[in-house]
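Here is what each chain is made of, one letter per residue.
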Amino acid sequence: MLRAHVLGRLAEDNALWVVADSGQGQTRLLLDCGAHVLDGVPFAEVQATDHLLLSHLHMDHVGGFDDFFRATFDRPAPTHAWGPPGTARILGHRFQGFWWNHAPELRGQWFVHDVHDAHVQSFRFEAHEAFAVAHDAGTRAHDGTVLTTPQVSVQAVPLEHHGRSLGFILREPDRERVNTAALAGLGLRPGPWLAALKGGATGELDVNGQPHDAAALRAALMDRETGESLAYLTDFLLDAAQQARLAPLLRGVQTLYAEAQYTPEDHALATRHQHTTVTQVAALAHAADLPALTLLHLSRRYRPEQWPDMLSAAQGIHPATRFPDGWLA
């Protein structure tokens with residue numbers, strides 16, 4: 001299950017908080033970290049965050065980093081940050097913006113990953129060194145997917161925003177579930193053998209004292225279910241060429257969370273600043289045949305009475321468009 005929550009308020013800094021929960025474990029991810037976006041997130045939840053995914057390093061996407069860093073700088077498990085080229089250099093300066101008088105006693109560890117178009121360059125920072133050294137942690141090629149845990153995979157999508165910005169597509173792995181009706185139909189009782197079957201057992205399998213062929217049981221009993229998915233795209237140029245590139249990448253995604261900075265009337269302004277209009281992003285969602293589109297990151301240049309009209313304009317192109325819960329309440 002992917003539990004996603006938009007953080008921040010309408011026309012202010014926004015972020016996306018995601019908990020990927022398999023039932024046996026969790027991966028927590030924070031996508032962007034603008035000012036005050038963590039105000040409503042419990043400290044313990046922030047502290048348990050495994051991965052910070054930064055679309056880019058403009059102020060409105062990293063202005064709340066100090067709050068995040070305060071919760072995570074010395075947690076027992078390593079913290080990972082991902083962003084476009086230059087992320088490690090910029091965060092390295094942020095790490096050193098404090099007086100680390102107790103540094104030798106600290107145990108925290110950060111890995112910062114610069115995501116290039118075809119490779120990831122990683123750096124390790126140690127709290128006991130006052131985060132002063134960017135240790136080379138290796139370089140590896142990637143095919144788009146930059147992060148995989150048992151609960152979720154993350155694909156980085158290159159975007160144009162006066163330089164490189166990143167979008168992210170999160171996918172759960174497909175799940176295998178036991179068809180209980182088929183189990184009863186075969187007259188079999190549940191037991192440890194089911195866990196072995198789910199775990200990929202092959203050959204002969206002992207089922208309550210009787211031998212059975214594992215492959216035949218899997219075909220008869222296991223149903224495959226596609227995992228949940230979402231995409232997060234913010235601060236990017238969206239012209240016809242970019243829509244043609246992005247729509248195929250988004251097909252099959254269940255929910256797109258996307259910036260919608262400008263009204264359709266301000267199309268020229270959106271192009272100049274390499275942002276989107278509400279209708280452009282709705283057209284992208286329509287082209288990708290997405291079941292759901294959630295708009296975020298609206299410009300503060302518009303008055304509250306204009307916000308419903310912006311939503312309606314997007315819904316005129318892609319009806320399954322909404323604002324996050326509570327935004328128009």
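Refer to the preceding data block for the structure.
Residues numbered from 1 in each chain as written. Predicted model: local features only at pLDDT ≥ 70, side-chain atom pairs only at ≥ 80, totals over all residues. Heavy atoms only, no water.

So, about the packing of aromatic side chains. Taken as a whole and assessed by the stated rule, the structure comprises 17 aromatic pairs. When the ring of Phe-95 is compared with that of Trp-110, the centres are 5.2 Å apart and the planes differ by 65°; the resulting orientation is edge-to-face. Highlighted residues: Phe-95 in helix H4 (residues 87-95) and Trp-110 in strand E6 (residues 109-115), separated in sequence by 15 residues. Under the relative-accessibility criterion, Trp-110 is labelled buried at 0%. Of the aromatic side chains, those joined through ring pairs into one cluster are Phe-65, Phe-68, Phe-69, Phe-73, Phe-95, Phe-98, Trp-100, Trp-110, Phe-125 and Phe-131. (Phe/Tyr/Trp six-rings, centres within 6.5 Å; stacked < 30°, edge-to-face > 60°. Helix = DSSP H or I, 4+ residues; strand = E, 2+ residues; numbered from the N terminus. Buried < 20%, exposed > 50% of the residue type's maximum accessible area, 1.4 Å probe, protein only.)

Here the phi dihedral of Ala-11 falls at roughly 65°; this positive angle occurs in a residue that is not glycine. Along the chain, Ala-11 turns up in the loop between strand E1 (2-7) and strand E2 (15-21). Taking the relative accessible area as the measure of exposure, Ala-11 reaches 10% and is therefore buried.

Here we take up the sheet that holds strand E3 (residues 26-31). Spatial ordering of the open sheet is given by E1-E2-E3-E4-E5-E6-E7-E8, a layout of eight strands whose pairing is mixed. Each end of this open sheet is capped by a strand with a single partner; those strands are E1 and strand E8 (135-141). Sheet twist, expressed as the average angle between the axes of neighbouring strands with direction ignored, equals 20°. The pairing of strand E7 (residues 119-126) with E8 spans five bridges and is classified as antiparallel. (Pairing = 2+ DSSP bridges. Axes fitted to C-alpha atoms, helices over the stretch in contact; angles between N-to-C directions.)

As summarised here, the arrangement of the seven strands in space is E9-E10-E11-E16-E17-E18-E19, forming an open sheet in which the pairing is mixed. Since the sheet does not close on itself, it has two edges, and those belong to strand E9 (145-148) and strand E19 (321-322), each with one partner. Here two bridges tie strand E18 (residues 292-296) to E19, and the two strands are oriented parallel to one another. Following the sheet pairing, Thr-294 is matched in E19 by Arg-322.

All told, the structure shown has 16 salt bridges when counted by the stated rule. Arg-3 serves as the salt-bridge partner of Asp-21, at 3.3 Å between the closest nitrogen and oxygen. Of this pair, Asp-21 sits in strand E2 while Arg-3 sits in strand E1, and the two are 18 residues apart along the sequence. Of the residues examined, Arg-3 reaches a relative accessible area of 32% and is grouped as partly exposed. The salt bridge involving Glu-172 is made with Arg-175; its shortest N-O contact spans 2.6 Å. Classification of Arg-175 by relative accessible area gives partly exposed; the value is 21%. What emerges from the salt-bridge pattern is a single network uniting Glu-172, Arg-175, Arg-177 and Glu-225. (Salt bridge = Lys/Arg side-chain N within 4 Å of Asp/Glu carboxyl O.)

Our next topic: the pairing of strand E17 (residues 255-259). With five of five residues buried, E17 is to be regarded as a mostly interior element. In E17, alternate side chains face the same way, and those of Thr-255, Tyr-257 and Glu-259 on one face and Leu-256 and Ala-258 on the other are all buried. With four bridges connecting them, strand E16 (residues 229-233) and E17 associate as parallel partners. When the bridges of E17 are listed, Leu-230 appears paired with Thr-255. This β-α-β element, E16 to helix H8 (residues 240-250) to E17, shows right-handed connectivity. Relative to E18, E17 is paired through five bridges, and the arrangement is parallel. Bridge assignment links Thr-255 to a residue of E18, and that residue is Ala-292. (Right-handed = clockwise from strand over helix to strand, strands pointing away.)

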